[in-house]
Amino acid sequence: MSDFNRFMKKGMRGHLIGIGGVSMSPLAEVLRDMGLHITGSDVAENENIKHLRELNIEVSIGHKASNLPADAKFVIFTAAIHNDNPEICEAKARGLKIFGRAEAWGTIMKAYKNALCISGTHGKTTTTSMCTHIMLASDQDPTVMIGGTLPILHASHRVGKGDTIILEACEYHDSFLEFSPTIATILDIEEDHLDYFSDIEHIKASFRRFAERTPENGIVVVNCDDEASMSAIEGIDRKIITFGLSDKADVYARKIKQVGMRSEFDIYYHGKKLTDVILHVPGLHNIKNALAATASCIPLGVSSNAVKYGLAGFSGAGRRFEFKGKFNGADIYDDYAHHPGELKVLLDAVGALGYERVILVFQPHTYSRTKAFFDDFLRQLKRPDVLYLAEIYAARESKLDISSKDLQEKISGSIFSEDFDELIQMLRSAARPGDIILTVGAGDVYIVGERLVSEGVD
């Protein structure tokens with residue numbers, strides 16, 4: 001058992017470095033709800049930090065040794081934090097125990113009979129959210145950790161009293177190999193995080209090791225339409241449940257009908273109709289996510305009605321094609337897409353909605369990803385009618401010799417600006433009825449849409 005287990009006690013003081021991250025902020029909340037005293041730090045303000053402060057969790061901006069409380073007993077850090085971080089150095093000097101974020105989550109999940117861990121290059125937040133809806137409809141009172149805010153929870157997590165925990169499982173730095181899933185779901189596998197992984201074979205090997213972390217009676221749920229995912233788990237000695245769009249899968253869809261913002265389809269399991277579904281989020285990718293969620297929850301004993309009504313009640317997660325409001329007759333949506341594959345499915349879905357113009361405001365996420373997938377980004381970024389490019393969001397990285405301006409120079413008619421105020425001014429002039437404005441990226445580009453909406457509707 002992880003050494004972290006002995007720190008999970010009421011009154012214990014812990015400090016989280018990088019507390020504003022999508023996985024760290026819910027961890028802070030969960031530990032707080034367990035009765036621990038939590039503080040933290042991060043490099044910049046964000047909405048997660050604002051929320052944590054509303055919960056009376058003290059957060060410092062900027063990393064310095066003095067941020068560590070005198071009575072801290074342990075430190076948890078995110079993958080973006082390096083060994084030379086002054087708070088890490090201070091913790092080592094004091095002899096405090098230091099844990100990675102994933103190790104903390106891995107310890108927490110061992111207290112549950114069922115640990116459903118959703119992995120994949122794309123779709124983790126949406127699928128985890130759908131699983132949460134299904135489990136809540138099944139009255140199973142799960143504990144949940146999601147990489148985005150879910151409206152039904154009014155948060156990115158919940159602490160339940162049931163025997164199931166549902167979590168996103170991220171492959172970056174092999175962090176999901178700290179987890180102990182009883183059900184390991186693999187949505188898809190593509191090249192990403194090439195600042196850590198060497199190539200697709202390295203990534204597939206990591207996902208296989210994740211699947212092998214299930215116990216002998218564990219279950220692996222996998223996308224049978226994704227060649228890399230099926231290759232990764234080939235010959236694995238675990239029970240496998242597949243999902244996909246065709247009847248070669250264990251869980252599949254029939255009678256798919258997509259109309260505007262919603263989809264209607266039937267879900268089949270082992271050749272028999274399980275239920276009919278109305279899904280209130282657009283796109284074929286979301287139908288696949290719904291099938292993945294269904295396949296993941298079936299081993300947990302959910303009823304067909306829980307699947308039907310759980311999925312019917314899902315209207316999206318924060319920053320996943322999230323409607324922000326209107327400006328001058330244009331609809332404004334925000335999305336977390338930051339990989340060319342995610343951009344493709346987003347633009348595919350939006351293209352079917354009948355807008356006169358698609359206006360994309362894109363903020364690339366990390367220099368290494370922009371450089372590694374430069375040509376793939378170009379292919380997708382040429383698709384919208386109007387393209388605005390913000391500068392690359394560095395996140396955990398130091399600056400490399402690449403800029404969003406390099407993309408702009410390859411795309412005729414596109415506009416680059418380092419300044420959000422300038423982007424907003426240009427959008428004020430451009431927006432008109434019949435437009436959809438998409439603010440897209442894993443950084444802080446959502447601010448652009450929110451500021452437009454705050455200026456008034458129509």
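These numbers were taken from a predicted model, which means no experiment stands behind them.

We now examine the sheet that holds strand β2 (residues 37-42). Read across the open sheet, the 5 strands follow the order β3-β2-β1-β4-β5; overall the sheet is parallel. With one partner strand each, in any of the chains shown, β3 (58-61) and β5 (97-100) form the two edges of the open sheet. Averaged over all pairs of adjacent strands, the angle between their axes in this sheet comes to 20°, without regard to strand direction. Where strand β1 (residues 13-17) meets β2, 5 bridges bridge the pair, whose relative direction is parallel. Among the inter-strand pairings, Arg13 is bridged to a residue of β2, identified as His37. Along the sheet, helix α4 (residues 101-109) makes contact with β4 (74-77) and β5, crossing β5 at roughly 85°.

Looking now at the packing of aromatic side chains. Taken as a whole and judged by the stated rule, the model has 13 aromatic pairs. Ring plane angle 70° and centroid distance 5.1 Å describe the contact between Phe4 and Phe99, whose orientation is recorded as edge-to-face. Pair noted here: Phe4 is in the segment before β1 and Phe99 is in strand β5, with a separation of 95 residues, a long-range link. For the pair formed by Phe4 and Phe99, the shared burial category is buried. Their ring planes at 55° and their centres at 5.1 Å tell us that Phe323 and Tyr333 sit as a pair that is tilted. Separated by 10 residues along the polypeptide, Phe323 in strand β16 (residues 322-327) and Tyr333 in strand β17 (residues 330-335) bring together distant segments of the chain. Between the NZ or CZ atom of Arg320 and the centre of the ring of Tyr336, over which it lies, the distance is 4.2 Å.

What counts and how
Residues numbered from 1 in each chain as written. Predicted model: local features only at pLDDT ≥ 70, side-chain atom pairs only at ≥ 80, totals over all residues. Heavy atoms only, no water. Pairing = 2+ DSSP bridges. Helix = DSSP H or I, 4+ residues; strand = E, 2+ residues; numbered from the N terminus. Axes fitted to C-alpha atoms, helices over the stretch in contact; angles between N-to-C directions. Contact = heavy atoms within 4.5 Å. Phe/Tyr/Trp six-rings, centres within 6.5 Å; stacked < 30°, edge-to-face > 60°. Buried < 20%, exposed > 50% of the residue type's maximum accessible area, 1.4 Å probe, protein only. Lys NZ or Arg CZ within 6 Å of the ring centre and 35° of its normal.

By themselves, these are just geometric observations and shouldn't be taken as functional.
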